[in-house]
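Fold and contact review
What follows is the residue order along each chain.
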There are 2 protein chains.
Amino acid sequence: MKRNLLVDASRTAADIDALAAITEPDRPYTRRAFTPLFLEGRRYLEDRFRSAGLETRIDGSGNLIGRRAGTEPGRGTLMLGSHSDTVPEGGRFDGIAGVVAALEVARTIADRGITLSHDLEIVDFLAEEVSIFGVSCIGSRGMAGVMPPEWLGRQAGDLSLEEGLVMVGGDPSVSAARTDIRAFLELHIEQGPVLEEARLDIGVVTAIAGITRIEVIVSGRADHAGTTPMTGRLDALSAAARLVLAIERLGKELAATPGHFAATVGEFEIEPNAANVVPSRVRMLLDVRAELREDLDCFHALLAKAIEEVKRETGAAIAAPKVLSDNPATPMHSLAINALEAACHATGASHRRMASGAGHDAAFMARICPAGMVFIPCAGGRSHAPKEWADNADITLGAAVLLDAILRLDDELKETEDGTHTD
Amino acid sequence: MKRNLLVDASRTAADIDALAAITEPDRPYTRRAFTPLFLEGRRYLEDRFRSAGLETRIDGSGNLIGRRAGTEPGRGTLMLGSHSDTVPEGGRFDGIAGVVAALEVARTIADRGITLSHDLEIVDFLAEEVSIFGVSCIGSRGMAGVMPPEWLGRQAGDLSLEEGLVMVGGDPSVSAARTDIRAFLELHIEQGPVLEEARLDIGVVTAIAGITRIEVIVSGRADHAGTTPMTGRLDALSAAARLVLAIERLGKELAATPGHFAATVGEFEIEPNAANVVPSRVRMLLDVRAELREDLDCFHALLAKAIEEVKRETGAAIAAPKVLSDNPATPMHSLAINALEAACHATGASHRRMASGAGHDAAFMARICPAGMVFIPCAGGRSHAPKEWADNADITLGAAVLLDAILRLDDELKETEDGTHTD
């Protein structure tokens, strides 16, 4: 289908290619935050931002921001963006597609002489990926005012995060927290196979799933693998294997009900891990993603039951599961969801609502303003790998959806604001 | 039950205690081969050997040997023994009980003025446990003439095995291989729970099980744990868990048929072993112990079937199992088994036939002469740990069985030899 969009596909393609070329040459695509290559990518973006008529700055938390003033000062800001940093040996699109799409929206607004009542800001958040300092979403946490101050002391070799912020042009002494943002939208590749398999253009994100990490320790008894009869053993690996299958079964059951759900045993280590010794201990780390709190509660209850069953069956000791971290799901705002759905209709983009299983800067922005996300398809659901791929046509269509949505939000927010003002 | 045995329980207890005191003080019981403590233990033993009227020497492979000449020169040698080295943080009895029991037999023979037609030798084999050179059974391999010559070049830090042999009084330029040994008997703790649970005094070993090590690699696909739906995954850990349970099931089935059998997944590692990534690869190492070759063949066939089933169920790729090492079972000689059973009857020791799941020096001695083993009970089947325990009454009764068996073998072998000579 050939669409007549205001946005320009050749420009998004050129930006994606230009940023892809700024990588560690030996391991594409690597442009980690706080590295010279990252700063080189930033220089490219800042130059593009300026060419789009945006006034650029770096805020206290190291976010690169391009600003176009609205026609009515004091209305507040509509913000679009994502991040330009990558994981080691990452891809060309994760984060980058969102920054480039936001930039293309700003360019189109400038080119076409479109006016917005609100100020428009395009943002490249600092260090969304887990950075050399071991933490993620540094920029968006800062903008939401929720970065723990003690993080400034985190070290990566000789460098502290405080020094890292200065290095990228930020200022740790200045809060990046904002109160003027009226709405935030982020485009991102799906990082899953759902849109591609359903041949849909756009996923309108309903919520960013919560992430709960649960540690389970299974204890058996180390016995000589040669001399201990098969029937007299307390094999921790055998008990843990039963639990792995139970967790997968529970995950599938809850995934089949409404609301995104996934449960994964991502870390699994046995002791003593010696050829001739019956395993005495297994440590498992579960990653549980739930859009709905009740699914997570249900999982906790069913996991406890499964553990009791495995204990009964095997005689192994299994400690009560330990929740190491528990970040609740972040719903996207209905204002943003509705504007994005209307924009899909207007641009002819086929779409569905869906949850995000991965975390994003939008989860922090949702703490300070109505936030929304659009997903675009990516090949095979691959991400965080050089094979990661998104078609430029999908990025461009996504930019068109963002543009349409931002115009709607400008109008709708203005009406609400004026309504409030006159009441 | 109070038995009237020729052997002396107070002497075996004193020897066990004396050797237990020769340990790294901070981590009892540690007396590894090629260490000063090992040589101190050897000096104690050599002294005891001499006090028992034995003529001592160290052979080319570093075995400590005590010899008592028989009444009929040229008849050859009856040998008894085991090893005095320990694993790090090992026990007081593994190997040691066998050396002490052999010594007590020699002492009793001397005290009581018992005469043997054959020469009698008591041996403390060098480095039965995996030593600092990364290999086991150095002394018994040498005596059987099967130690690979290139092993002399093995290094432990600055020390070569060649130098290590010299250090313990051996001589790498002199072959320790023997052709004069007419029978070999070894007493050892069971290292399993069978005798204790059945309240039996003695296990007469029918065979030392073969040890086969099999590597299995399961390959799935690394996906994002948050964004990849539960139904679209190729989770290598889930597939591997199915295989672990299948292997345990097969092991139990084959263990329930005649002949010792055990299958253990002792090593198990997943990749990438990251909290938020679906496991892409699992490496498992199986330890399979079989007394009967047909059980092992059967296991290979059933494992292949189980792998096909897991592949079909999960879609994971599983490479054909790779046999990393395959040491066949070593049957004990009927001459030795019969003599030991008759000795059990004569001494009133309750007993059963059983296979050894662990390897022993007797497996190498079986290559050059009729060999046999007796097991004595040990607490909870524990071994290679400070908790390892064998009652002194059981060690002493075992020594009495050895003594009775060696007298029978002396007679029986003489008859056979004379029969052969006169034919």
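The name that an unreviewed UniProt entry assigns to chain A is Zn-dependent hydrolase, with the source organism given as Rhizobium wuzhouense. As its UniProt record puts it under Subunit (unreviewed entry), chain A is described as follows: "Homodimer." The heading Cofactor (unreviewed entry) in the UniProt record of chain A holds the text "Mn(2+)".

Buried accessible area, meaning the area lost when the parts come together, often serves as the stated size of an interface. Residue and element names in this part refer to chain A. In terms of domains, chain A is made up of domain 1 (9–208 + 329–422) and domain 2 (210–327). For domain 1 versus domain 2, the distance between C-alpha centres works out to 37 Å. Listed per partner, the contact involves eight residues of domain 1 and six residues of domain 2. Summing the contributions of domain 1 and of domain 2, the shared interface buries around 480 Å²; its carbon and sulfur component is 52%. On the domain 1 side of the interface with domain 2, the three residues burying the most area are Ala329, Ala355 and Gly357, jointly 73% of the side's total. At the boundary of domain 1 and domain 2, one finds zero salt bridges. Across the domain 1-domain 2 interface, the total number found is two residue pairs in polar contact (both at pLDDT 80 or more). Among the elements that line the side of domain 1 that touches domain 2, the one with the most residues is strand β8 (residues 202–208), at three residues. By residue class, the composition of the side of domain 1 that touches domain 2 is five nonpolar, three polar and no charged.

Tracing the chain through its elements places His260(A) in the loop between α7 (236–255) and β10 (261–271). A polar atom in the side chain of His260(A) sits 2.8 Å from the backbone oxygen of Gly226(B). The residues contacting His260(A), other than those within four sequence positions of it, are Ala209(A), Arg289(A), Ala290(A), Glu291(A), Asp295(A), Ala355(A), Gly357(A) and Gly226(B).

Okay, the environment of Gly192(A) next. Residue placement: Gly192(A) occurs in the loop between β7 (181–189) and α6 (194–198). The buried category is assigned to Gly192(A), whose relative accessible area is 0%. Each C-alpha atom, one on Gly192(A) and one on His384(A), is 11 Å from the other, the two residues being 192 residues apart in sequence. When residues no more than four places from it in sequence are discounted, the contact partners of Gly192(A) are Cys378(A), Gly381(A) and Thr227(B).

Empty space among the atoms can be located by rolling a probe the size of a water molecule over them. Overall, the coordinates contain one cavity of 30 Å³ or more when judged by the stated rule. Lining the largest cavity are Val244(A), Ile247(A), Glu248(A), Ala263(A), Thr264(A), Val265(A), Met230(B), Arg233(B), Asp235(B), Leu237(B) and Ser238(B). Elements represented by at least two residues in the lining of the largest cavity include exactly α7 and β10 of chain A together with α7 (236–255) of chain B. Across the lining of the largest cavity, the residue classes tally to six nonpolar, two polar and three charged.

Looking now at the UniProt feature "domain: Peptidase M20 dimerisation" (unreviewed entry) in chain A. Feature annotation in UniProt assigns "domain: Peptidase M20 dimerisation" (unreviewed entry) to the following positions: residues 208–313 of chain A. As a span, residues 208–313 of chain A carries 39% helix and 30% strand, and end to end its C-alpha atoms are 37 Å apart.

One copy of the chain maps onto the second through a rotation about an axis and a displacement along it. In the superposition of chain A on chain B (RMSD 0.1 Å, axial shift 0.1 Å), the rotation amounts to 180°. Interpreted geometrically, this transformation is the action of a two-fold axis. Identified as the residue of chain A closest to the rotation axis by C-alpha distance is Ala241(A), at 2.2 Å. Both copies share a contact surface, since 98% of the interface residues of chain A are interface residues in chain B too.

Turning next to the packing of helix α1 (residues 9–20) of chain B against helix α3 (residues 96–111) of chain B. All names here are of chain B. Axis separation between α1 and α3 bottoms out at 10 Å; the angle between their running directions is 140°. The angle between the axes of α1 and α3 places the two elements in the oblique class. In this structure, α1 crosses over α3, and the sense of that crossing is right-handed. Where α1 approaches α3, its residues Arg11, Thr12, Asp15, Ile16 and Leu19 are matched on the opposing element by Ile96, Ala97, Val100, Leu103, Glu104, Arg107, Thr108 and Asp111.

Let's shift gears to helix α8 (residues 293–314) of chain B. All names here are of chain B. Helix length check: α8, at 22 residues, gives a terminal C-alpha distance of 31 Å against a target of 32 Å (1.5 Å per residue), a fit within 8%. Listed as buried for α8 are Asp295, Leu296, Phe299, Leu303, Ala306, Ile307, Val310 and Thr314. Within α8, the buried residues cover an arc of 115° as seen down the axis, which keeps them to one side. Away from its buried face, by an angle of more than 90 degrees, α8 presents the exposed residues Glu294, Lys305 and Arg312. In the stretch just after α8, Gly315 is the one whose phi turns positive, near 80°.

Each value, and the rule that gives it
Going along each chain's sequence as written, the residues are numbered from 1 onward. Each chain takes a letter, starting from A, and each ligand takes a number, starting from 1, following the order in which they are written. Per-residue local features of the predicted model are confined to residues with pLDDT of at least 70, and side-chain atom pairs are confined, for both listing and counting, to 80 or more; whole-chain, interface and lining totals are unaffected and use all residues. The basis for every side-chain value is the complete set of non-hydrogen atoms in the structure, without hydrogens or water. UniProt positions are given in the numbering used here, feature names are shortened, and annotations may be inferred rather than shown by experiment. Domain segmentation is taken from an automatic or database assignment of domains. Note on definitions: a residue-residue contact is assigned when non-hydrogen atoms from the two residues lie within 4.5 Å. Defined here as a combined quantity, buried area equals the accessible surface (1.4 Å probe) lost by two parts on assembly, summed across both. Definition used for salt bridges: Asp or Glu carboxyl oxygen within 4 Å of a side-chain nitrogen of Lys or Arg. Any pair of N or O atoms that falls within 3.5 Å is considered a polar contact. Within protein, one atom must be able to donate a hydrogen and the other to accept it, and sequence-neighbouring residues count only if both atoms are side-chain atoms. Helix and strand assignments follow DSSP, with helices taken as H or I runs no shorter than four residues and strands as E runs no shorter than two, numbered in order from the N terminus. Following the grouping adopted for this structure description, the nonpolar residues are Ala, Val, Leu, Ile, Met, Phe, Trp, Tyr, Cys and Pro, the charged ones are Asp, Glu, Lys and Arg, and the polar ones are all others, Gly among them. Per-residue accessibility, obtained with a 1.4 Å probe over protein chains only, is compared with the maximum for each type, and a residue is labelled buried under 20%, exposed over 50%, and partly exposed between these values. Any residue with an atom within 4 Å of a point lines the site, the site being either a cavity, points on a 1 Å grid over the protein atoms alone where a 1.4 Å probe fits but cannot get out, or a pocket, an open set with protein on both sides within 12 Å along at least 5 of 7 lines. Grid points are joined across faces, edges and corners, and a volume is the space filled by probe spheres set on the points. Alignment of copies: least-squares fit on C-alpha atoms of residues with pLDDT of at least 70 in both copies. Here an axis means a line fitted to C-alpha atoms, over the contact stretch when the element is a helix, while the angle between two N-to-C directions is reported on a 0 to 180 degree scale. Throughout this description, any angle smaller than 35 degrees is read as roughly parallel, any larger than 145 degrees as roughly antiparallel, any in the 65 to 115 degree range as roughly perpendicular, and the remainder as oblique. Working rule for handedness: look at the near helix, and if it is turned counterclockwise from the far one by less than a right angle, call the crossing left-handed; if clockwise, right-handed. Between the first and last residue of a helix there are one fewer steps than residues, each counted as 1.5 Å, and that sum is the expected span. By definition, the arc is the one covered by directions from the helix axis to the C-beta atoms.

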